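# Structural description and commentary
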Amino acid sequence: MSIVQNKKAFHDYFVEQRLEAGIVLEGWEVKAVRAGRVQLKEAYVVVHGAEIFLLGCHISPLPTASTHVTPDPTRTRKLLLQAAEINKLIGAVERAGYTLVPIDLHYTRGRIKLEIGLAKGKKQHDKRASEKDREWKREQQRLLRHKT
């Protein structure tokens, strides 16, 4: 079940491969995510050393967050992947010029997971072509509906 999606990722990138990663969260963050107070729009994934981190993901704390914790809505969160997956991603990012983008935050068997995509950036003319294709498909559907 999806919590939040990053639609901007498909606008700005060609997503070639998807991976599901665990995410290290604090207690107040889990409660806020379950309440739907999370944004992935400006988030991105970086490789630092042999670890992968999520930056820029905004999780708004609930007003009932505990009194002894000072919540940081945009803190850096570590992603959990197997070592072989991390090595493959590091190779693709450093050598082949790929980018890691967060695509979807969802539940898998009660756990909060992040789907990340191995992507290449789109140029401006690619974005225009994608928009034109999407509009043409919408127009086709509209025409088909009116004929029947």
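These numbers were taken from a predicted model, which means no experiment stands behind them. (Residues numbered from 1 in each chain as written. Predicted model: local features only at pLDDT ≥ 70, side-chain atom pairs only at ≥ 80, totals over all residues. Heavy atoms only, no water.)

## Concerning the overall build of the chain
Of the regular secondary structure elements, the chain holds four helices and nine strands. Secondary structure elements in the chain, listed N-terminal to C-terminal, are β-α-β-α-β-β-β-β-β-α-β-β-α. Sequence separation of 24 or more characterises 69% of the internal contacts of the chain that already satisfy a separation of 6 or more. Surface summary for the chain: the accessible area is close to 9700 Å², and the carbon and sulfur share equals 51%. Side chains of the chain give 27 positive and 17 negative charges; the mean places of these two sets differ by 4 Å. (Helix = DSSP H or I, 4+ residues; strand = E, 2+ residues; numbered from the N terminus. Contact = heavy atoms within 4.5 Å. Areas by Shrake-Rupley, 256 points an atom, 1.4 Å probe, with all protein chains shown as cover. Lys, Arg positive; Asp, Glu negative; His and termini not counted. Charge placed at Lys NZ, Arg CZ, Asp CG, Glu CD.)

## Observations regarding the nonpolar core
Ile52, Leu54, Leu79, Leu89, Leu105 and Ile116 are the most contacted members of the largest nonpolar core, which has 29 residues in total. When residues of this core are traced back to their parent elements, those giving at least two are β2 (13-23), α2 (27-34), β5 (51-55), α3 (83-95), β8 (99-108) and β9 (111-121). Other than its neighbours up to four places away in sequence, Ile52 contacts Val45, Val46, Val47, Arg77, Lys78, Leu79, Leu81, Ile86, Leu89 and Leu100. (Core = buried A, V, L, I, M, F, W, Y, C linked by side-chain atoms within 4.5 Å. Buried < 20%, exposed > 50% of the residue type's maximum accessible area, 1.4 Å probe, protein only.)

## A short note on the environment of Leu100
Its place among the elements puts Leu100 in strand β8. Put simply, Leu100 and Gln17 are 83 residues apart on the chain and 9.8 Å apart in space, counted from C-alpha to C-alpha.

## Details of the confidence of the model for the chain
Detailed reading of predicted coordinates is not advised where the pLDDT is low. Residue-level pLDDT values for the chain average 83, and 97% of them are 70 or greater. The least confident element of the chain is helix α1 (residues 7-12), whose mean pLDDT is 74; the most confident is β5, at 90. (pLDDT = per-residue confidence, 0-100.)

## Side note on the pairing of strand β7 (residues 77-80)
Burial along β7 is one-sided: Arg77 and Leu79 are buried, and none of Lys78 and Leu80, which face the opposite way, are. Across two bridges, β2 lies against β7 in antiparallel orientation. Along β7, the bridge assignment pairs Gly22 with Leu80. (Pairing = 2+ DSSP bridges.)

## Notes on the pattern of salt bridges
Per the stated rule, a full pass over the model turns up seven salt bridges. One salt bridge in this structure joins Glu115 and Arg18, with 3.3 Å as the shortest N-O distance. Of the two residues, Glu115 sits in strand β9 while Arg18 sits in strand β2, which places them 97 residues apart along the sequence. Exposure remark for Glu115: the relative accessible area of 15% places this residue in the buried category. Accessibility expressed as a relative area gives 44% for Arg18, which makes it partly exposed. The residue Glu139 makes a salt bridge to Arg142 at a minimum N-O spacing of 2.6 Å. Residue Glu139 and its partner Arg142 are located together in helix α4 (residues 124-147), separated by three residues, close to a single helical turn. You can call Arg142 partly exposed: its relative accessible area is 36%. Put simply, Glu26, Glu29, Arg75 and Arg77 are held in one network by salt bridges that share partners. (Salt bridge = Lys/Arg side-chain N within 4 Å of Asp/Glu carboxyl O.)

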